[in-house]
Each structure stands twice: as structure tokens, then as C-alpha cells.
Amino acid sequence: MSLTPQDVERIVFRSLRTAYEKDRGSWTAPPDVIYVTEVTGCLLRSWYMRTMAGPISDEKIVILLLGDDVHYLINSQFPLGEGEKSFEREYKGVTIKGRVDRIAGELIFEFKTASNIPREPREHHVDQMQLYFWLAEKNKGFLVYVSKTTGQVKAFPIIRDEQRIQTLLERAESLSNSLRLAVPPAPEKGWLCEYCEFRDRCIGFREEGPP
């Protein structure tokens, strides 16, 4: 029996899934451990991801790994600072964890891949930077977008914002409490709702429709 094209496609997807799972592991954090990326998006989606998420689709894994490749290539050749440093700090009994792409002295660099370069940095990416400032005790940095379709690169300077950081820390505490008490947070509508894998389950999306 010979291999079919479909067999080869399944083997490729399986190989990519293995690489993805090996890098991230399958451990589920307890309610008192919150990750930066869980705070900067919809808290209800983060709650669903912790409690109900099934396996990630093959296509989603390919997209995520392509983004990882850009991060790896930049970090391996970027001449400034140190790459991929992990941090954790506690806020009101909640351990907040994050992994910064690169730190050079007082600067933080965060790299993002996108189909198109935004005119302004995306708000949830700026929120990530703010929490990285808090974790790493830094005050400034650059949010760098790399376009996967045009090859363009755009760097946006970001400055520490204490009020924004406080709001994000309170969101981390709120998500932790929601997980501990088994009570889902309220839905938060935004442009990412259209791409959320839980939109059919989300009460806000069903009742009001997409934003």
C-alpha cells in the first residue's frame, strides 16, 4: 500500500502538532496562576480556554508555529540584549507569569507577526507590554510588527503607564477569582469576537451579535 496525498497531509499536521505541544506542554495552571495573555483579551474567553477548550485545530497550530518561527529567527539573530526571558510576580495572592521576547538594558522588545501592519499598535498588545514592564521592572520598549504578507517591519515606542498596569492587575485578580469560584466572567465585546472559537457558546455574542 502506498501513501496518498491525504496521508502525507495528516503526517505533516501531526508533526506540527507534536512540535507545538512539545514547546508548550499540556499542564493546566491552578486558579491562582494567571498568564499575561489571559488578562489582555476577553476574560470570558480565557475562562473558557482554561475550563472547556478542546484540542487546537491543525490549521491554527500551523498559524501559531509560523509566528513562532519569526520569533525564533529574530531572537537568534537580534544583536541587542537577551531573548525570551520568563518572569513572575505576585499581586494580592495571584501569581502573574509572562515571557518577554527580548530585554536589552532598560528596553523591552516584543515582536508580533501580522498579515498587515496596523497604523497604531493594537490595544491588547500594548496591554501585554504594560504587564511586561511591571514584571521586568522596566519603563519603556518597542512593539515590533512583522508582516507575513508584505515583509514590512514597523516598530512602535511604548511607555510604561501605571494606571493601565493597575487596571490589568485587577483583571488578573478578577479572572483568578472567577476560576476559583467556578463563575464565568462577563463577556467583553470586541473585534476579536468574530475569530473566537467560543462565540457560539458566548451569551453576549448570541444575544447582540458581532460588534
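Preceding this section is the structure that the text describes.
In this text the structure is predicted, and so the values were computed from the model without any measurement.

Undergrad: Any details on the pattern of salt bridges? Residues and values, ideally.
TA: This model, assessed by the stated rule, comprises 10 salt bridges. When the shortest N-O distance is used, the salt bridge between K97 and E88 registers 3.8 Å. Overall, K97 belongs to the partly exposed group, its relative accessible area being 23%. K112 is paired through a salt bridge with E110; the nearest N and O atoms lie 3.3 Å apart. Each member of the pair K112 and E110 is classed as buried. In the salt-bridge network here, residues are joined through shared partners; they are E123, D127 and R164.

Undergrad: I'd love a proper account of the packing of helix α3 (residues 43–51) against helix α6 (residues 162–181), names of residues and values included.
TA: Direction vectors running N to C along α3 and α6 enclose 40°, while the axes themselves pass 10 Å from each other. Taken together, α3 and α6 sit at an angle that is classed as oblique. As α3 packs across α6, the resulting crossing turns out to be right-handed. Of the residues in α6, those touching α3 at L43, S46, W47, R50 and T51 are R171, S174, L175, S178 and L179.

Undergrad: Outline the environment of L143, supporting the account with residue identities and numerical values.
TA: Positionally, L143 belongs in strand β5 (residues 140–147). Sequence separation between L143 and Q128 is 15 residues; the distance between their C-alpha atoms is 9.8 Å. Once residues within four sequence positions are removed from consideration, L143 is found in contact with E110, K112, P121, H125, V126, M129, K154, A155, F156 and I158.

Undergrad: How would you sum up unusual backbone geometry? Please name residues and give values.
TA: Even without glycine at this site, K92 takes up a positive phi of about 50°. Residues other than glycine seldom take positive phi values, yet E137 does so here, at roughly 60°. By the secondary structure assignment, E137 is in the loop between α5 (123–136) and β5.

Undergrad: Can you explain the side chain of Q128? Please cite residues and give values.
TA: Along the chain, the position of Q128 falls in helix α5. A polar atom in the side chain of Q128 sits 2.8 Å from the side chain of K112. Excluding residues within four positions of it along the chain, Q128 makes contact with V36, T37, T40, E110 and K112.

Undergrad: Lay out the packing of aromatic side chains in plain terms, naming residues and giving numbers.
TA: Two measures describe an aromatic ring pair: the distance that separates the ring centres and the angle between the ring planes. Counted according to the given criterion, the structure contains 6 aromatic pairs. Where F109 meets F142, the ring centres are 5.9 Å apart and the plane angle is 20°; that geometry is what we call stacked. Remark: F142 occurs in strand β5 and F109 occurs in strand β4 (residues 107–114); sequence separation between them is 33 residues. Given the relative accessible area of 30%, F142 is considered partly exposed. Among the aromatic residues, ring-to-ring pairing joins F78, F109, F111 and F142 into one connected group.

Undergrad: Help me get a handle on α3, residues and values and all.
TA: Of all the residues in α3, the buried ones are L43, L44, S46, W47, Y48 and R50. As for α3, its buried residues are in contact with β1 (33–35), α2 (36–39) and α6.

Undergrad: Please give an account of the nonpolar core that cites residues and values.
TA: Ranked by size, the top nonpolar core spans 35 residues in total, and within it I34, I96, I108, W134, I158 and L169 carry the most contacts. Elements represented by at least two residues in this core include exactly α2, α3, β3 (94–104), β4, α5, β5, β6 (153–159) and α6. Counting 6 residues, the second largest nonpolar core, distinct from the first, contains A104, F109, F111 and V146.

Undergrad: Tell me about α5, and please be specific about residues and values.
TA: With 14 residues, α5 extends 20 Å from end C-alpha to end C-alpha; this agrees with the ideal 20 Å at 1.5 Å per step. Burial within α5 is extensive, with 13 of its 14 residues counted as buried.

Basis of the calculations
Residues numbered from 1 in each chain as written. Predicted model: local features only at pLDDT ≥ 70, side-chain atom pairs only at ≥ 80, totals over all residues. Heavy atoms only, no water. Salt bridge = Lys/Arg side-chain N within 4 Å of Asp/Glu carboxyl O. Buried < 20%, exposed > 50% of the residue type's maximum accessible area, 1.4 Å probe, protein only. Axes fitted to C-alpha atoms, helices over the stretch in contact; angles between N-to-C directions. Helix = DSSP H or I, 4+ residues; strand = E, 2+ residues; numbered from the N terminus. Parallel < 35°, antiparallel > 145°, perpendicular 65-115°, else oblique. Left-handed = near helix turned anticlockwise from the far one by under 90°. Contact = heavy atoms within 4.5 Å. Polar contact = N/O pair within 3.5 Å; in protein donor to acceptor, adjacent residues only side chain to side chain. Phe/Tyr/Trp six-rings, centres within 6.5 Å; stacked < 30°, edge-to-face > 60°. Core = buried A, V, L, I, M, F, W, Y, C linked by side-chain atoms within 4.5 Å. Expected span 1.5 Å × (residues − 1).

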